[in-house]
Amino acid sequence: MTQDRIIYGIFFLVVTAIGLAVKNFFYLQLLTIIGINTLLALGLNMLMGYAGQISLGHAAFYGIGAYTTAIFTVNYNINPWIALPCAIFLAVLVALIVGLPTLKLTGYYLGMGTLGFGMIVHIVFREWSSLTGGASGFMGIPPLEIGPISFFPARNYFYLVWFTVLVSFVFCKRLIKSRMGRALRAIHDSENAAKAVGINTRNMKLEIFVFSAALSALSGFFYAHMVSFISPESFSFLVSVKIVTMVVIGGMASIWGSLLGASLLTMLPEWLHSFSDFEMVVYGLILMLVMIITPQGLTRGILDIYERSRTTKNKQ
Amino acid sequence: MTQELLQYLFSGITNGAIYAVIAVGFSMLYSSTELINFAHGEFVMLGAMGLVTLWAGFGLPLPLAFVLTVIGVAGVGFLFERTAIRTVRKPDHIVLIIITVGASIFLRGMGMLIWGKDAHSVPAFSDHPPIDLAGAKLLSQSIWIVFIALFCALMLHLFFRKTLTGKAMEATAINKKAAWLTGIPSEKMIHLAFFFSTGMGAVAGIIIAPITMCSYDMGTMLGLKGFCAAMLGGLGSLWGSILGGLLLGIMESFGVGLFSSSLKDAIAFLLLLLILYVRPGGIIMAKDVKRF
């Protein structure tokens, strides 16, 4: 517990230091996007890493969060801070309705069910143009503010997002150590065994699915108010896959892995810009190579290499 | 009205036959390796682009271009299995999903590098005028598509029922280890499954090429639709996939014609969810489904 507190303290200091040190608007915005993606990856990691349930449609909840706040604040002139609980509530409601039948499936079938759901939501964003602006997108989402503090300057927004990330980390860490966290890991290892020891696996899976949807909606909210323009392409199947990739590359069942995965996959396209036309080829290659070499994700892979080098040193 | 309905039916069967061919590719691979290949759509794209280059570009005769494209694309599929799938140390389904997704991004990127970002088109296989049937027009390419799809299905059916290799493949699909114990080289059979599956993808790409714009990003949606078709009919079953493909094509065409074109892409996924909830084994129950 104390060790955790020290780590949170370091995290807090690092975030504050980065916020003070980075002056460039572009970099601050990039770092904020990393924070938003970390929230997304964290949400899915709770579902995939801990409970072992794959979702290939998480961009749907991300999009529901973004579109709800966009429609509420622009069309109905509602304060964003009131739109936020509405967005989360809507995502939770959808997650409940969809999760109940879908979570009965396992393995590839669960992947396919969530994929189908994600595609349908994406098509709704694209085709319901009277509400969502259709394929051309939704413009003019207002920036966030609390009383006199505006979050429009990139630095304030950076702090807002990253402190939310910190709070979510603490919350998720506590959740994992609770009774529920142990139950989830039991489901991950064997659903039947979990059932046999008296865990209500159906409710447990549903609860974590809903929680993960709520975190995704929260990131959607932050995303919409940061970029002020959203379009269906930001919530497509490829985005769902990207979130899964962040979780797997960072490391499943690892909270810090979500941070690593989100950072890498947000930075990667920036680094690959210099490859211009080769960008996609290199991106695909990296994905395949990481999965072939360290199927447990990078956090696990790096730890393994570290431990191996230590044991060989001890032997000598 | 009847002639409109007939027109919807024709276009539905045409698209359906293409979905069916893609679905068969998915199904074959799933039944022998339990792998869902998210890069399958990209092999469809490679098939279409291969035809663009060999037939329209190099001016080879159509049958030769057809065969060369299928063999070439199947070769790429074979290489893909060798380099990316075989080398995986921990064949978890999440890991395999990401590897095939990575492969699909890679192949799309290669497609963009080789053929550019512009769309290409090829003429129909034969330049017969459309046939007039009770007021509805039937394109000659539609007949080619349905004919080739059925021919492929029939050939595969005969291959699995009548030849020793086919039976060995089926045995490997049912139980890899038991097949290996009876002396079947099951690794080779899996190679063959990849070869056939991606070859079927190429066939789908070739037959769709004349009725659509071919570009490097055409594969993703086709792949997903083919997947829905396979689930609808029954993943792992040959005739189930054909049935699923035709059904999906017809429903889509009627949905677009009678309701709204904005429904087009949604229908496939609504059907997918419906079949997963109601009857996850597909219309033709294929294999035991992991659902309790």
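This one's a predicted model, so the numbers in the text were calculated from it and none came from an experiment.

Caption draft 1: Structural detail: the confidence of the model for chain B. Residue and element names in this part refer to chain B. Per-chain confidence: chain B averages 85 in pLDDT, with 97% of residues scoring 70 or above. When the criterion is pLDDT under 50, residues 286-292 qualifies, and its contacts beyond four places in sequence or with other chains add up to 18 contacts. Taken together, the chains of this predicted complex give a pTM of 0.86 and an interface ipTM of 0.82.

Caption draft 2: Local environment of the environment of threonine 87 of chain B. In this structure, threonine 87 of chain B sits in the loop between helix H3 (62-85) and helix H4 (93-115). A residue is classified by how many C-beta atoms lie within 10 Å of it, and threonine 87 of chain B, with 14 of them, is partly exposed.

Caption draft 3: Representation of the packing of helix H11 (residues 237-250) of chain A against H4 of chain B. H4 of chain B packs onto H11 of chain A with a crossing angle of 125 degrees between their chain directions and a minimal axis gap of 11 Å. Taken as axis vectors, H11 of chain A and H4 of chain B run oblique relative to one another. The handedness of the crossing between H11 of chain A and H4 of chain B comes out as left-handed. Each of Val241, Val244, Thr245 and Val248 of chain A in H11 of chain A lies in contact with H4 of chain B, whose residues at this interface are Ile94, Ile98 and Val101 of chain B. Residue classes in the contact of H11 of chain A with H4 of chain B are distributed as 6 nonpolar, 1 polar and no charged.

Caption draft 4: Molecular detail of the packing of helix H2 (residues 40-57) of chain B against H4 of chain B. All names here are of chain B. At their nearest, the axes of H2 and H4 sit 9 Å apart, and the two run at 20 degrees to each other. The pairing of H2 with H4 is recorded here as roughly parallel in orientation. Crossing handedness for the pair H2 and H4: left-handed. Residue-level contacts link Gly41, Glu42, Met45, Leu46 and Met49 of H2 to Ser104, Leu107, Arg108, Gly111 and Trp115 of H4. Looking at side-chain class alone, the contact of H2 with H4 contains 5 nonpolar, 3 polar and 2 charged residues.

Caption draft 5: Looking closely at the nonpolar core. Residues and elements named next belong to chain B. Within the largest apolar cluster, 192 residues are counted, with the highest numbers of intra-cluster contacts made by Ala20, Val21, Ala48, Cys228 and Leu272. The biggest single contributor to this core is helix H1 (residues 2-33), with 14 residues. Residues in contact with cysteine 228, not counting those within four places in the same chain, are Leu248, Ala268, Phe269, Leu271 and Leu272.

Caption draft 6: The interface of chain A and chain B, seen in detail. With 32 residues of chain A in contact, the opposing surface of chain B contributes 37 residues. Those elements that place two or more of their residues in the side of chain A that touches chain B are helix H5 (107-127), H11 and helix H13 (279-293) of chain A. Counting residues per element, the side of chain A that touches chain B draws most heavily on H5 of chain A, at 12 residues. Partitioning the side of chain A that touches chain B into residue classes produces 22 nonpolar, 7 polar and 3 charged.

How each quantity is defined
- Residues numbered from 1 in each chain as written.
- Chains lettered and ligands numbered in written order.
- Predicted model: local features only at pLDDT ≥ 70, side-chain atom pairs only at ≥ 80, totals over all residues.
- pLDDT = per-residue confidence, 0-100.
- Contact = placed C-beta atoms within 7 Å.
- Helix = DSSP H or I, 4+ residues; strand = E, 2+ residues; numbered from the N terminus.
- Buried ≥ 20, exposed ≤ 12 C-beta atoms within 10 Å, placed from the backbone.
- Axes fitted to C-alpha atoms, helices over the stretch in contact; angles between N-to-C directions.
- Parallel < 35°, antiparallel > 145°, perpendicular 65-115°, else oblique.
- Left-handed = near helix turned anticlockwise from the far one by under 90°.
- Nonpolar A, V, L, I, M, F, W, Y, C, P; charged D, E, K, R; others polar.
- Core = buried A, V, L, I, M, F, W, Y, C linked by C-beta atoms within 7 Å.

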